[in-house]
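So you can see what is in the structure, the chains are spelled out below.
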Amino acid sequence: MSKPVVATASLAGCFGCHMSVLDIDERILTLIDLVEFNKSPIDDIKTFTKQCDIGIIEGGCCNSENVENLRLFRKHCKILIALGECAIMGGLPAMRNGIPVKECLEEAYLNCPTVDDGIIPNDDELPMILDRVYPLHEIVKIDYYLPGCPPMADLIWNALVALLEGKPLDLPYEVVKFD
Amino acid sequence: MSEIKFTIDGKECTARAGQTIVEAASSSGVYIPTLCNYDGLKPAGACRICTVSVAGRNMAACTTPVASGMMVENNTPEINDMRKSIIEMLFVEGNHMCPVCEKSGNCELQALAYRYLMLAPRFPYLWPRRSVDASIPKLYKDGNRCIQCLRCVRGITAADGRKVFGLVDRGGRVRIGHDPELAASLGEEQAKRAMELCPVGSLIRKGVGYAVPIGKRKYDGTPIGGELERA
Ligand code: SF4
Ligand code: SF4
Ligand code: FES
């Protein structure tokens, strides 16, 4: 039987959740025995080359590229996991929610003390900034949530093993944390 | 004094006359979650997390006195899911960013979310625009995290009994205001008490910071209500 295929992405996140995946330490060797990675920053495969079983997404959606990417993952993955606070609630990037985008851009690119002669970036190459940062489940259907900033390595490991073995997710109190 | 007999989820419990369901449950070793309730303060019945069912009717266990023969339903899937939904509403109604909150690990709202295993709220986030007020010398108020439990309003008073905090405005704009003069006179001890009284990270003492590291905080290893159930 072929191995389950896993894809991962970091949208509006800091890559801390991916670091936490690496924090499973030597179990990563077991993991690469158990699964095959497809599109992921871990192996630097940039586009989907096949349908995947599990998609793991860190970060929320702050721009149009994030949304496209997320929809692509939903299309190519049977199971989608929202990994970490940014994916689940927007996280720190969502601190701009509630402040109009115009104000945010002006603060960052025009009025910030370290800016002189600022311009607000406006190039066709750049993804459009969304009105606010959205958690993943407000854009596509999400199957599992693993909270934490970042989620604990043990939480990620337990969840992956359970999914691979077709068992219910194990979420012990000690590893489910929002911070 | 007469003893009142009643049951919670079939377990025989006793109460003294005048005790609320929450008080009597607690002395019988049964945990009913509370959030706006605080030992020693007059119950406000504001948050409804303590909702129990008595003869098919939902009521706030922190304001309802026990009556003889009462059959209280507490730990049922329906009630627990309703509690979870209240927690979820409180999360989406404010702006809760636990990773940058000084109360994280010591926060009762977060601890309840852990206990009822909230992974993602079922309601959309509202992202209200709320303000942070740093004008009180020994405390700052972060309206983003306030759940309007009124514990500060009920519990923090000046020497002459005047209230330091109070509700301002109505509906979605409701927030906690303070009397600038009285708040300015709050001493170190009162500031500490205010931070303890506040179940969330809305009243934070200045000049202290993250005193206890992650992993060693109150609810990091022990679920809220755990002491009661182990006892
Ligand atoms: S008050 Fe509690 S729930 Fe809100 S951000 Fe702080 S720790 Fe999280
Ligand atoms: S500031 Fe804290 S104690 Fe006061 S009402 Fe808000 S949450 Fe409750
Ligand atoms: S604890 Fe009873 S209503 Fe809040």
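See the structure shown above.
Residues numbered from 1 in each chain as written. Chains lettered and ligands numbered in written order. Predicted model: local features only at pLDDT ≥ 70, side-chain atom pairs only at ≥ 80, totals over all residues. Heavy atoms only, no water.

Student: Quick rundown of the overall build of chain A? Include the residues and the values.
Tutor: Across its full length, chain A holds six helices and seven strands. Tracing chain A from N to C terminus, the helices and strands come up as β-α-α-β-β-β-α-β-α-α-β-β-α. Taken over the C-alpha trace, chain A has a radius of gyration of 18 Å; the compact-globule value for 179 residues is 16 Å, and the two agree within 12%. Its C-alpha atoms give chain A principal-axis dimensions of roughly 60 × 35 × 30 Å. Scored against the burial criterion, the 179 residues of chain A give a buried share of 47%. Expressed as a percentage of contacts within chain A between residues at least 6 apart in sequence, the contacts between residues at least 24 apart total 76%. With an accessible surface of roughly 9,200 Å², chain A has 57% of that area assigned to carbon and sulfur atoms. Taken together, the 15 basic and 28 acidic charged side chains of chain A have centroids lying 9 Å from each other. (Helix = DSSP H or I, 4+ residues; strand = E, 2+ residues; numbered from the N terminus. Rg over C-alpha atoms; globule rule 2.2 N^0.38 Å. Buried < 20%, exposed > 50% of the residue type's maximum accessible area, 1.4 Å probe, protein only. Contact = heavy atoms within 4.5 Å. Areas by Shrake-Rupley, 256 points an atom, 1.4 Å probe, with all protein chains shown as cover. Lys, Arg positive; Asp, Glu negative; His and termini not counted. Charge placed at Lys NZ, Arg CZ, Asp CG, Glu CD.)

Student: Let's hear about the site of ligand 2: which residues, and what values?
Tutor: Around ligand 2, the structure places 13 residues, and the nearest of them are B:C146, B:C149, B:L150, B:C152 and B:C198. Per-class residue counts for the shell around ligand 2 are 10 nonpolar, two polar and one charged. (Near = heavy atom within 4 Å. Nonpolar A, V, L, I, M, F, W, Y, C, P; charged D, E, K, R; others polar.)

Student: Residue-level account of unusual backbone geometry, with values.
Tutor: For the peptide bond that leads from A:C149 to A:P150, omega is -5°, which places it in the cis range. Its location among the elements puts A:P150 in the loop between β7 (144–146) and α6 (153–164). Here the phi dihedral of B:Q148 falls at roughly 55°; this positive angle occurs in a residue that is not glycine. Relative to the assigned elements, B:Q148 resides in the loop between β7 (139–142) and α4 (151–155).

Student: Any details on the pairing of strand β4 (residues 57–60) of chain B? Residues and values, ideally.
Tutor: Residue and element names in this part refer to chain B. Looking at chain direction, strand β3 (residues 51–54) and β4 are connected through four bridges and run antiparallel. Among the inter-strand pairings, V52 is bridged to a residue of β4, identified as M59. What sits between β3 and β4 in their antiparallel hairpin is a turn of two residues, with A55 showing a positive phi close to 50°. (Pairing = 2+ DSSP bridges.)

Student: Could you give an account of the sheet that holds strand β1 (residues 3–8) of chain B, with specific residues and numbers?
Tutor: Residue and element names in this part refer to chain B. Sheet architecture is open: five strands sit in the order β2-β1-β5-β3-β4, paired in mixed fashion. Each having just a single partner strand, β2 (11–16) and β4 make up the two edges of the open sheet. Pairwise comparison of adjacent strand axes, ignoring direction, gives a mean angle of 40° for this sheet. Pairing analysis gives two bridges linking β1 to strand β5 (residues 71–73), with the strands arranged parallel. Residue pairing in the sheet places I8 in a bridge with V72 of β5. (Axes fitted to C-alpha atoms, helices over the stretch in contact; angles between N-to-C directions.)

Student: Quick rundown of the interface of chain B and chain A? Include the residues and the values.
Tutor: Between chain B and chain A, the contact holds 28 residues from the first and 27 residues from the second. When the two sides are added together, the surface that chain B and chain A hide from each other amounts to roughly 2,300 Å², 68% of it contributed by carbon and sulfur. The largest per-residue losses of area from chain B upon contact with chain A belong to B:Y114, B:L119 and B:W127, which jointly make up 30% of the total buried on that side. For the pair chain B and chain A, the number of links is one salt bridge. (Buried area = accessible area lost by both parts, 1.4 Å probe. Salt bridge = Lys/Arg side-chain N within 4 Å of Asp/Glu carboxyl O.)

By themselves, these observations are geometric and do not establish any function.
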